[in-house]
Amino acid sequence: MSRCFARLALGIVLAVAVLNVPAAVTAPSAEAACRPALKSLTLARSTVAGGTSTTATIRLTCRAPRRVKVQLWASTGIRVPAYVYVAGGRSTRAVTVRTSPTTLRSSGRVKAVYRQVVRRATLVRTVTPCYPTPVPTAVALPAYVHAGQNATGTVTLDCVAKTSLAVSLTSSSSWVAVPRTLTVQAGRRTASFTAVTKAPTVGTLPAFNVTIRVTRNGKSAARTMQVRPEIRPFRAGDRFTVNEPVLTPAGTEEWVRGTLRITLDHPAPPGGLDVKGSLVPEGQTWTEVPIYLDSYPPDSRVTDHLTITTRPASGDGEVLLDEDFTYTVHPAP
């Protein structure tokens, strides 16, 4: 009887001991059961200026039971350690990614490898300011200027010049002159210059575009400006345009009539102009002149004579234009 009781007591003691064993001893933890793999590689910034750095984050699929060695690789101009460790009990690791200065925008990659799993991230390097020395990045000019006027331009460097430096200027038109060189003073990032536009002594220039370019160390920036006809009174050698009039019957003798609109390329001077017997007031550029024809073929061209003279207070005016001109006439619908 006592032997049976002893066996029963021993069984109870063993059962209680098994019930009191911690779960961590009887069953493996989730971390211990996880076999980590390389989940991702991300960059804090995907675009950086050459010569600066950013941070890459390596992420595993779960917390590593012990430290994990991850290999790293990067393109030319980007530097990372050959490898890093993800500490035991962690699933991420931050890595500093450094870049080299550059004069050209370029794109490269950072790569992480663990257990034959590869994760990549793209990193863009932009031009490094002031590398190796400041270079021009912009030219500012007004949208347009009239021939004979000057325009002020501004050159901007990519950073402040430590010492005074010279940049080269060029113009795409012989009608617009700029200085061959421009000096940006030490401690400044910009410098201004004057673009001098010329006007012909006879006649006028049509509107055209000119490109001003600034260059230094193989880097350049440019801006286009429109040059419009000069602002001045009409004078000898200037031109005019005429509309194509519509002629309508004027009476019973087959006369037809119409109106010529004559437009000058420059305004009339003080006192106005006499244009084919009609007045163009001071500062204006056009007038209308009535015409009469006895017969004409439909849509035909007509040759006429035009005289433009000044209108002085007394005496005969100066003849500024005396020539034939041709225009097309159309019948009334």
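Our structure is the block above this text.
Residues numbered from 1 in each chain as written. Predicted model: local features only at pLDDT ≥ 70, side-chain atom pairs only at ≥ 80, totals over all residues. Heavy atoms only, no water.

(A) Focus on the overall build of the chain. Each helix and strand in the chain was counted, giving three helices and 27 strands. Looking at the chain residue by residue over its 333 residues, the buried ones come to 33%. Counting only carbon and sulfur atoms, one obtains 53% of the accessible surface of the chain, whose full area is about 19600 Å². (Helix = DSSP H or I, 4+ residues; strand = E, 2+ residues; numbered from the N terminus. Buried < 20%, exposed > 50% of the residue type's maximum accessible area, 1.4 Å probe, protein only. Areas by Shrake-Rupley, 256 points an atom, 1.4 Å probe, with all protein chains shown as cover.)

(B) Main features of the state of the cysteines. By the definition in use, this model includes two disulfides. The disulfide partner of Cys34 is Cys62, and the gap between their sulfur atoms is 1.4 Å. Linking Cys34 and Cys62, the disulfide has an S-S dihedral of approximately -75° and is accordingly described as left-handed. Remark: Cys62 occurs in the loop between β3 (53-60) and β4 (68-74) and Cys34 occurs in the loop between α3 (30-33) and β1 (38-43); sequence separation between them is 28 residues. Pair check on accessibility: Cys34 and Cys62 agree, each one buried. In the chain, the bonded cysteines, numbered by position in the sequence, are linked as 1-2, 3-4. (Disulfide = S-S within 2.5 Å.)

(C) Looking closely at the side chain of Arg232. Within the secondary structure, Arg232 is located in the loop between β18 (219-228) and β19 (240-242). A polar contact is formed between the side chain of Arg232 and the side chain of Glu230, at a distance of 2.8 Å. A polar side-chain atom of Arg232 sits 2.7 Å from a polar atom in the side chain of Asp238. Apart from the residues lying within four places of it in its own chain, the contact partners of Arg232 are Gly203, Thr204, Asp238, His266 and Pro267. (Polar contact = N/O pair within 3.5 Å; in protein donor to acceptor, adjacent residues only side chain to side chain. Contact = heavy atoms within 4.5 Å.)

(D) Representation of the pattern of salt bridges in the model. One pass over the full model with this rule turns up seven salt bridges. Where Glu323 meets Arg239, a salt bridge forms, and the shortest distance between an N and an O atom there is 2.9 Å. Taken together, the residues Glu323 in strand β26 (residues 319-328) and Arg239 in the loop between β18 and β19 connect sequence positions 84 residues apart. Residue Arg239 is classed as partly exposed on the basis of its relative accessible area of 41%. The network of salt bridges with shared partners includes Glu230, Arg232, Arg235 and Asp238. (Salt bridge = Lys/Arg side-chain N within 4 Å of Asp/Glu carboxyl O.)

(E) Layout of the nonpolar core. Ranked by size, the top nonpolar core spans 24 residues in total, and within it Leu169, Leu182, Phe193, Ile212 and Val214 carry the most contacts. When residues of this core are traced back to their parent elements, those giving at least two are β12 (150-157), β13 (165-171), β15 (181-184), β16 (190-197), β17 (208-216) and β18. Not counting residues within four places of it along the chain, the set of residues in contact with Leu169 comprises Val155, Val178, Pro179, Arg180, Leu182, Phe193, Arg213 and Val214. Of all hydrophobic cores here, the second largest spans 23 residues; its members include Phe234, Leu273, Leu306 and Val329. (Core = buried A, V, L, I, M, F, W, Y, C linked by side-chain atoms within 4.5 Å.)

Functional significance is not addressed by these values, which are geometric in nature.
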